[in-house]
Amino acid sequence: MSMNVFQESRRKLTMYYSLIMAAFLVVLIFFVHQSMEWSMESEQARELVETAGRIAGGQEYLLQHPELLDDAEDWRMESDRLFFYVFDGTGEPINFSRASAQLEPFVLDVIGRWETEPGEVAVVTDQAGRRHARVMMTAQPMMADGEQIATVYVGKDVTAMYYGLQKATYALIFLGIIALILSSAAGFFMSGKAMIPIKEAYERQRQFAADASHELRTPLAVVMA
């Protein structure tokens, strides 16, 4: 009976310790994931805003010097992840560095429905493909004589970065599970150690009760006789 009580207490202590460690690991993984995502998005957003500003300035200069438009190809970027489109006030394209063929229809659809404030960065997801593509985009107005004459849309395909972040999170979860198993085993061992003095005190108390009962048995028998 007593051994069952100690075993049940040890099991409960281990369970409580495991639950505390599990809650701690969940909170830790969540905050690490959020920190990595914030760091990645803030850096990419900064790059997009700076790129949009440079392209807008370059396009304004080209529009003011039409004789240089034949060299506009120099503004086109070779990266298939970073792209830009320049549209005038009527929605006609002026210049561009196209996104990939698979992504361009989605990007043009996003531009057609663009409502984000200038200078702000939006993360949009293409749900149509087998692998959901993620794109970060921003818009920068082009001004001339105080009037907006065109808009530059700059974007970057960050799908690979998000998948990398997802894999890193899965790795953290896997390591967290291993840490939880090891900590549970350590908790079971430590609870066993903590039970030793309690068991010894219980055994001393039980032995004292048995000895007292034995010592009192003879006088009580004489009194009863």
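Residues numbered from 1 in each chain as written. Predicted model: local features only at pLDDT ≥ 70, side-chain atom pairs only at ≥ 80, totals over all residues. Heavy atoms only, no water.

Caption draft 1: Up close: the sheet that holds strand β5 (residues 147-157). One open sheet accounts for 5 strands, arranged β2-β1-β5-β4-β3; its pairing is antiparallel. Where the open sheet ends on each side, the last strands, each with one partner, are β2 (93-97) and β3 (121-126). Across the sheet, the mean angle separating the axes of adjacent strands is 20 degrees when strand polarity is ignored. The pairing of strand β1 (residues 82-88) with β2 spans 4 bridges and is classified as antiparallel. Among the inter-strand pairings, Tyr85 is bridged to a residue of β2, identified as Phe96. In the packing of helix α2 (residues 104-112) onto the sheet, the strands contacted are β1, β3, β4 (133-144) and β5, and the crossing angle to β1 comes to about 45 degrees. (Pairing = 2+ DSSP bridges. Helix = DSSP H or I, 4+ residues; strand = E, 2+ residues; numbered from the N terminus. Axes fitted to C-alpha atoms, helices over the stretch in contact; angles between N-to-C directions. Contact = heavy atoms within 4.5 Å.)

Caption draft 2: Broad picture of the side chain of Asp126. With respect to the helices and strands, the residue Asp126 is situated in strand β3. Leave out the neighbours within four places in its chain, and Asp126 touches Phe106, His132 and Ala133.

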